[in-house]
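Now for the letters of each chain:
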Amino acid sequence: PGPLLSASDVSFRFSPRLNAAGRLGDPTLSLRLLRARDRAQARVLAARVERINQQRREIEQRVAEEAIAQVAEVYGENPDTAVVAAKEGWHPGVVGICAARLVERFGVPSAVIALAGESGRGSCRSSKGLQLHEALERCRDVLLGFGGHQSAAGLTVAAAKIDAFRAAFAEASRGHLSEGAADEPTGLLVDVVLQGGAFELPTASDLALLQPVGQGNADPIFLVPDARVQERSVVGTGHLKLTLRVGEQRLSAFGYRLGQRASEVGASVSVLGTLKPDTWKGGDQVELFLTDFE
(Lines give C-alpha, C1' and ligand atoms only; values in the text may rest on other atoms or scores of the structure.)
Protein backbone atom coordinates (compact mmCIF):
# COMPACT_ATOMS: atom_id res chain seq x y z
CA PRO A 1 0.00 0.00 0.00
CA GLY A 2 1.03 3.59 -0.57
CA PRO A 3 1.73 6.16 2.14
CA LEU A 4 -1.10 7.29 4.38
CA LEU A 5 -2.67 10.54 3.20
CA SER A 6 -4.13 12.98 5.71
CA ALA A 7 -6.06 16.23 5.78
CA SER A 8 -2.71 17.93 6.46
CA ASP A 9 -1.32 16.54 3.20
CA VAL A 10 -4.23 18.08 1.32
CA SER A 11 -3.94 21.40 3.18
CA PHE A 12 -0.17 21.85 3.23
CA ARG A 13 1.20 19.75 0.36
CA PHE A 14 -1.41 19.59 -2.41
CA SER A 15 -3.29 22.88 -2.02
CA PRO A 16 -0.27 25.24 -2.02
CA ARG A 17 0.96 23.63 -5.23
CA LEU A 18 -2.42 23.81 -6.93
CA ASN A 19 -2.83 27.44 -5.80
CA ALA A 20 0.63 28.46 -7.03
CA ALA A 21 -0.34 28.52 -10.71
CA GLY A 22 -3.17 30.97 -10.01
CA ARG A 23 -1.05 33.09 -7.71
CA LEU A 24 1.63 33.58 -10.35
CA GLY A 25 -0.42 33.51 -13.52
CA ASP A 26 -2.77 30.95 -15.05
CA PRO A 27 -4.96 28.81 -12.73
CA THR A 28 -6.20 26.67 -15.64
CA LEU A 29 -2.94 24.69 -15.46
CA SER A 30 -4.00 23.26 -12.09
CA LEU A 31 -7.51 22.62 -13.40
CA ARG A 32 -6.05 20.66 -16.32
CA LEU A 33 -4.00 18.61 -13.86
CA LEU A 34 -7.05 17.79 -11.75
CA ARG A 35 -9.02 16.79 -14.85
CA ALA A 36 -6.23 14.73 -16.44
CA ARG A 37 -7.13 11.11 -17.20
CA ASP A 38 -3.85 10.07 -18.80
CA ARG A 39 -1.04 9.25 -16.35
CA ALA A 40 1.75 10.53 -18.63
CA GLN A 41 -0.04 13.81 -19.27
CA ALA A 42 -0.75 14.21 -15.54
CA ARG A 43 2.95 13.75 -14.73
CA VAL A 44 3.92 16.47 -17.23
CA LEU A 45 1.34 18.87 -15.81
CA ALA A 46 2.32 18.03 -12.23
CA ALA A 47 5.96 18.80 -13.03
CA ARG A 48 4.96 22.19 -14.45
CA VAL A 49 2.86 22.92 -11.33
CA GLU A 50 5.80 21.94 -9.13
CA ARG A 51 8.16 24.30 -11.01
CA ILE A 52 5.70 27.17 -10.60
CA ASN A 53 5.34 26.37 -6.92
CA GLN A 54 9.10 26.54 -6.51
CA GLN A 55 9.06 29.98 -8.18
CA ARG A 56 6.29 30.98 -5.77
CA ARG A 57 8.41 29.91 -2.80
CA GLU A 58 11.39 31.92 -4.02
CA ILE A 59 9.28 35.03 -4.62
CA GLU A 60 7.53 34.59 -1.27
CA GLN A 61 10.85 34.22 0.56
CA ARG A 62 12.23 37.45 -0.93
CA VAL A 63 9.06 39.48 -0.32
CA ALA A 64 8.66 38.14 3.24
CA GLU A 65 12.27 39.01 4.12
CA GLU A 66 11.89 42.53 2.73
CA ALA A 67 8.53 43.01 4.49
CA ILE A 68 9.94 41.85 7.84
CA ALA A 69 12.91 44.21 7.47
CA GLN A 70 10.58 47.10 6.60
CA VAL A 71 8.32 46.50 9.59
CA ALA A 72 11.30 46.27 11.95
CA GLU A 73 12.63 49.57 10.57
CA VAL A 74 9.30 51.43 10.71
CA TYR A 75 7.77 49.99 13.89
CA GLY A 76 10.68 48.41 15.76
CA GLU A 77 11.13 44.78 16.77
CA ASN A 78 8.13 44.69 19.11
CA PRO A 79 5.20 46.60 17.57
CA ASP A 80 2.09 46.95 19.70
CA THR A 81 -0.30 47.92 16.88
CA ALA A 82 -1.22 46.55 13.48
CA VAL A 83 1.55 46.97 10.90
CA VAL A 84 1.72 47.72 7.16
CA ALA A 85 4.51 46.86 4.71
CA ALA A 86 4.34 48.17 1.14
CA LYS A 87 6.75 48.27 -1.79
CA GLU A 88 6.84 48.72 -5.55
CA GLY A 89 7.59 45.50 -7.41
CA TRP A 90 6.30 42.96 -4.90
CA HIS A 91 4.24 40.22 -6.52
CA PRO A 92 0.54 40.59 -5.59
CA GLY A 93 0.11 36.81 -5.67
CA VAL A 94 2.12 36.28 -2.47
CA VAL A 95 1.04 39.24 -0.31
CA GLY A 96 -1.44 37.15 1.69
CA ILE A 97 1.16 34.51 2.55
CA CYS A 98 3.65 37.23 3.47
CA ALA A 99 1.09 38.98 5.70
CA ALA A 100 0.75 35.67 7.57
CA ARG A 101 4.56 35.56 7.90
CA LEU A 102 4.49 39.02 9.51
CA VAL A 103 1.85 37.83 11.99
CA GLU A 104 4.08 34.86 12.86
CA ARG A 105 7.14 37.10 13.25
CA PHE A 106 5.68 40.07 15.12
CA GLY A 107 2.47 38.71 16.65
CA VAL A 108 0.26 41.61 15.49
CA PRO A 109 -2.26 42.07 12.65
CA SER A 110 -0.40 42.74 9.41
CA ALA A 111 -0.98 44.06 5.89
CA VAL A 112 1.36 43.57 2.93
CA ILE A 113 0.78 45.70 -0.16
CA ALA A 114 2.23 45.26 -3.65
CA LEU A 115 2.49 48.72 -5.21
CA ALA A 116 2.27 49.18 -8.98
CA GLY A 117 2.22 52.77 -10.17
CA GLU A 118 -0.40 54.88 -8.47
CA SER A 119 -2.12 52.12 -6.50
CA GLY A 120 -1.44 48.91 -4.64
CA ARG A 121 -3.13 45.57 -3.98
CA GLY A 122 -2.74 44.18 -0.50
CA SER A 123 -3.78 41.46 1.87
CA CYS A 124 -4.25 41.49 5.64
CA ARG A 125 -4.14 38.81 8.31
CA SER A 126 -5.35 39.22 11.88
CA SER A 127 -4.09 38.11 15.28
CA LYS A 128 -4.82 38.58 18.97
CA GLY A 129 -8.58 38.69 18.43
CA LEU A 130 -8.72 41.84 16.27
CA GLN A 131 -11.87 41.82 14.13
CA LEU A 132 -10.14 42.60 10.85
CA HIS A 133 -13.12 43.57 8.73
CA GLU A 134 -14.30 45.99 11.40
CA ALA A 135 -10.81 47.48 11.63
CA LEU A 136 -10.75 48.05 7.86
CA GLU A 137 -14.18 49.67 8.09
CA ARG A 138 -12.54 52.27 10.32
CA CYS A 139 -9.91 52.80 7.58
CA ARG A 140 -12.49 53.14 4.79
CA ASP A 141 -11.73 56.82 4.08
CA VAL A 142 -8.13 56.07 3.05
CA LEU A 143 -8.83 52.90 1.01
CA LEU A 144 -10.07 52.47 -2.54
CA GLY A 145 -11.78 49.24 -1.57
CA PHE A 146 -11.59 46.18 0.66
CA GLY A 147 -13.32 42.90 1.36
CA GLY A 148 -12.94 39.72 3.36
CA HIS A 149 -13.75 38.51 6.85
CA GLN A 150 -12.55 38.95 10.42
CA SER A 151 -9.35 36.93 10.01
CA ALA A 152 -8.23 37.69 6.45
CA ALA A 153 -9.04 40.42 3.94
CA GLY A 154 -7.88 42.02 0.72
CA LEU A 155 -7.66 45.73 -0.11
CA THR A 156 -6.69 48.29 -2.71
CA VAL A 157 -5.14 51.62 -1.79
CA ALA A 158 -3.67 54.61 -3.60
CA ALA A 159 0.13 54.73 -3.37
CA ALA A 160 -0.12 58.28 -2.05
CA LYS A 161 -2.30 57.03 0.85
CA ILE A 162 0.06 54.35 2.21
CA ASP A 163 1.23 56.47 5.14
CA ALA A 164 -2.38 57.47 5.89
CA PHE A 165 -3.45 53.81 5.84
CA ARG A 166 -0.51 52.84 8.03
CA ALA A 167 -1.63 55.40 10.64
CA ALA A 168 -5.33 54.52 10.34
CA PHE A 169 -4.72 50.75 10.58
CA ALA A 170 -2.54 51.21 13.65
CA GLU A 171 -5.17 53.42 15.27
CA ALA A 172 -7.97 50.99 14.39
CA SER A 173 -6.12 48.22 16.24
CA ARG A 174 -5.01 50.27 19.22
CA GLY A 175 -6.63 48.98 22.41
CA HIS A 176 -8.44 46.19 20.58
CA LEU A 177 -5.42 43.88 20.58
CA SER A 178 -5.19 43.72 24.35
CA GLU A 179 -8.94 43.14 24.59
CA GLY A 180 -8.78 40.28 22.10
CA ALA A 181 -5.64 38.83 23.61
CA ALA A 182 -7.15 38.78 27.10
CA ASP A 183 -9.83 36.38 25.85
CA GLU A 184 -7.29 33.96 24.36
CA PRO A 185 -5.54 31.16 26.26
CA THR A 186 -2.02 32.08 27.32
CA GLY A 187 -0.57 28.76 26.19
CA LEU A 188 -1.28 25.54 24.32
CA LEU A 189 -3.24 22.87 26.15
CA VAL A 190 -1.36 19.57 26.31
CA ASP A 191 -3.38 16.48 25.39
CA VAL A 192 -0.77 13.76 25.95
CA VAL A 193 2.44 13.62 28.03
CA LEU A 194 5.00 11.05 26.83
CA GLN A 195 7.38 10.77 29.75
CA GLY A 196 10.16 8.30 30.50
CA GLY A 197 8.92 5.73 28.03
CA ALA A 198 5.85 5.01 30.19
CA PHE A 199 3.75 5.01 27.00
CA GLU A 200 4.75 3.81 23.56
CA LEU A 201 4.86 6.41 20.82
CA PRO A 202 1.74 6.21 18.66
CA THR A 203 2.23 4.92 15.14
CA ALA A 204 1.16 6.56 11.90
CA SER A 205 -1.70 4.05 11.76
CA ASP A 206 -2.80 5.12 15.25
CA LEU A 207 -2.83 8.77 14.18
CA ALA A 208 -4.86 7.92 11.08
CA LEU A 209 -7.74 6.90 13.36
CA LEU A 210 -8.08 10.57 14.38
CA GLN A 211 -8.52 11.81 10.81
CA PRO A 212 -9.67 14.11 9.45
CA VAL A 213 -8.08 16.74 11.68
CA GLY A 214 -8.34 20.48 11.23
CA GLN A 215 -10.80 23.17 12.19
CA GLY A 216 -13.04 21.76 14.92
CA ASN A 217 -10.93 18.62 15.37
CA ALA A 218 -7.41 19.81 16.11
CA ASP A 219 -4.33 17.59 16.14
CA PRO A 220 -3.58 16.45 19.71
CA ILE A 221 -0.67 18.30 21.36
CA PHE A 222 2.06 16.01 22.72
CA LEU A 223 4.54 17.02 25.42
CA VAL A 224 7.77 15.03 25.70
CA PRO A 225 9.66 16.19 28.82
CA ASP A 226 13.42 15.71 29.17
CA ALA A 227 14.02 13.76 26.00
CA ARG A 228 17.67 12.90 25.35
CA VAL A 229 19.13 14.64 22.31
CA GLN A 230 21.11 12.34 20.01
CA GLU A 231 21.45 14.59 16.95
CA ARG A 232 20.87 18.27 16.25
CA SER A 233 21.15 20.12 12.92
CA VAL A 234 19.81 23.02 10.88
CA VAL A 235 18.34 21.94 7.54
CA GLY A 236 16.80 23.61 4.49
CA THR A 237 16.10 27.31 4.89
CA GLY A 238 16.63 27.53 8.64
CA HIS A 239 14.64 24.60 10.02
CA LEU A 240 15.63 22.69 13.17
CA LYS A 241 16.05 18.92 12.97
CA LEU A 242 16.45 16.78 16.11
CA THR A 243 16.81 13.09 16.81
CA LEU A 244 15.55 12.30 20.30
CA ARG A 245 15.53 9.26 22.58
CA VAL A 246 12.17 8.79 24.29
CA GLY A 247 12.50 5.83 26.64
CA GLU A 248 13.88 3.12 24.37
CA GLN A 249 12.48 4.66 21.20
CA ARG A 250 13.93 7.14 18.73
CA LEU A 251 11.86 10.12 17.65
CA SER A 252 12.63 12.63 14.91
CA ALA A 253 11.52 16.21 15.55
CA PHE A 254 11.23 19.03 13.02
CA GLY A 255 11.01 22.72 13.94
CA TYR A 256 9.81 24.87 11.05
CA ARG A 257 11.96 28.02 10.93
CA LEU A 258 13.38 27.28 14.38
CA GLY A 259 16.96 26.84 13.18
CA GLN A 260 18.03 30.11 14.79
CA ARG A 261 17.32 28.50 18.18
CA ALA A 262 19.55 25.47 17.61
CA SER A 263 22.10 26.74 20.15
CA GLU A 264 19.41 26.48 22.87
CA VAL A 265 19.29 22.68 22.51
CA GLY A 266 21.38 20.89 25.15
CA ALA A 267 21.88 17.25 26.10
CA SER A 268 18.19 16.96 26.90
CA VAL A 269 15.15 18.99 25.87
CA SER A 270 11.44 19.18 26.57
CA VAL A 271 9.49 19.41 23.33
CA LEU A 272 5.90 20.30 22.49
CA GLY A 273 4.13 19.70 19.21
CA THR A 274 2.02 17.46 17.01
CA LEU A 275 2.89 14.01 15.68
CA LYS A 276 2.68 13.32 11.94
CA PRO A 277 3.59 10.33 9.77
CA ASP A 278 7.31 10.46 8.94
CA THR A 279 7.22 10.72 5.15
CA TRP A 280 11.01 10.27 4.87
CA LYS A 281 11.32 7.04 6.83
CA GLY A 282 7.95 5.72 5.75
CA GLY A 283 6.30 2.69 7.26
CA ASP A 284 4.48 3.38 10.52
CA GLN A 285 7.09 5.87 11.80
CA VAL A 286 6.04 9.26 13.17
CA GLU A 287 7.77 12.63 13.48
CA LEU A 288 7.14 15.44 15.97
CA PHE A 289 6.44 18.86 14.43
CA LEU A 290 7.69 21.27 17.06
CA THR A 291 5.53 24.05 18.40
CA ASP A 292 8.05 24.98 21.11
CA PHE A 293 10.86 23.54 23.22
CA GLU A 294 12.97 24.38 26.25
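Residues numbered from 1 in each chain as written. Predicted model: local features only at pLDDT ≥ 70, side-chain atom pairs only at ≥ 80, totals over all residues. Heavy atoms only, no water.

(A) Summary view of the packing of aromatic side chains. Throughout the structure, instances matching the rule amount to two aromatic pairs. For the pair Phe165 and Phe169, a centre-to-centre distance of 5.3 Å together with 15° between the ring planes defines the contact as stacked. With Phe165 and Phe169 both in helix α6 (residues 162-173), this residue pair falls four residues apart, about one helical turn. Taken individually, Phe165 and Phe169 each receive the classification buried, so the pair is uniform in this respect. One Lys or Arg, Arg105, reaches over the ring of Phe106 and ends 4.7 Å from the middle of that ring. (Phe/Tyr/Trp six-rings, centres within 6.5 Å; stacked < 30°, edge-to-face > 60°. Helix = DSSP H or I, 4+ residues; strand = E, 2+ residues; numbered from the N terminus. Buried < 20%, exposed > 50% of the residue type's maximum accessible area, 1.4 Å probe, protein only. Lys NZ or Arg CZ within 6 Å of the ring centre and 35° of its normal.)

(B) Structural detail: the nonpolar core. By size, the foremost hydrophobic cluster in this structure holds 23 residues, and its most contacted members are Leu240, Val271, Leu288, Leu290 and Phe293. Secondary-structure elements contributing two or more residues to this core are α8 (204-208), β7 (222-235), β8 (239-246), β9 (249-255), β10 (268-277) and β11 (286-293). In this structure Leu290 touches Leu240, Leu242, Ala253, Phe254, Gly255, Leu258, Val271, Leu272 and Gly273, once residues within four positions along its chain are discounted. In terms of nonpolar packing, the next biggest core, distinct from the first, is built from 22 residues, Ala86, Ala111, Ala135 and Ala172 among them. (Core = buried A, V, L, I, M, F, W, Y, C linked by side-chain atoms within 4.5 Å. Contact = heavy atoms within 4.5 Å.)

(C) The arrangement of the sheet that holds strand β2 (residues 110-116) in detail. Across the sheet, five strands lie side by side as β1-β2-β3-β5-β4; this open sheet has mixed pairing. Both edges of this open sheet fall to β1 (83-88) and β4 (145-148), since each of them pairs with a single strand only. Averaged over all pairs of adjacent strands, the angle between their axes in this sheet comes to 15°, without regard to strand direction. Along the sheet, α6 contacts β1, β2 and β5 (152-158); its crossing angle with β1, the most-contacted strand, is approximately 165°. (Pairing = 2+ DSSP bridges. Axes fitted to C-alpha atoms, helices over the stretch in contact; angles between N-to-C directions.)

(D) Representation of the pairing of β10 within the structure. In terms of residue burial, β10 counts as a mostly covered element, since eight of its ten residues are buried. Relative to β10, β7 is paired through five bridges, and the arrangement is antiparallel. Among the inter-strand pairings, Val224 is bridged to a residue of β10, identified as Val271.

(E) Here's a closer look at the packing of helix α1 (residues 7-24) against helix α3 (residues 39-75). Here α1 crosses α3 at 75°, and the two axes come no closer than 8 Å. Judged by the inter-axis angle, α1 sits roughly perpendicular to α3. Residue-level inspection shows Pro16, Arg17, Leu18, Ala20, Ala21, Arg23 and Leu24 of α1 in contact with α3, the latter providing Val49, Glu50, Ile52, Asn53, Gln55, Arg56, Arg57 and Ile59. Looking at the contact of α1 with α3 residue by residue, the class counts come to eight nonpolar, two polar and five charged. (Parallel < 35°, antiparallel > 145°, perpendicular 65-115°, else oblique. Nonpolar A, V, L, I, M, F, W, Y, C, P; charged D, E, K, R; others polar.)

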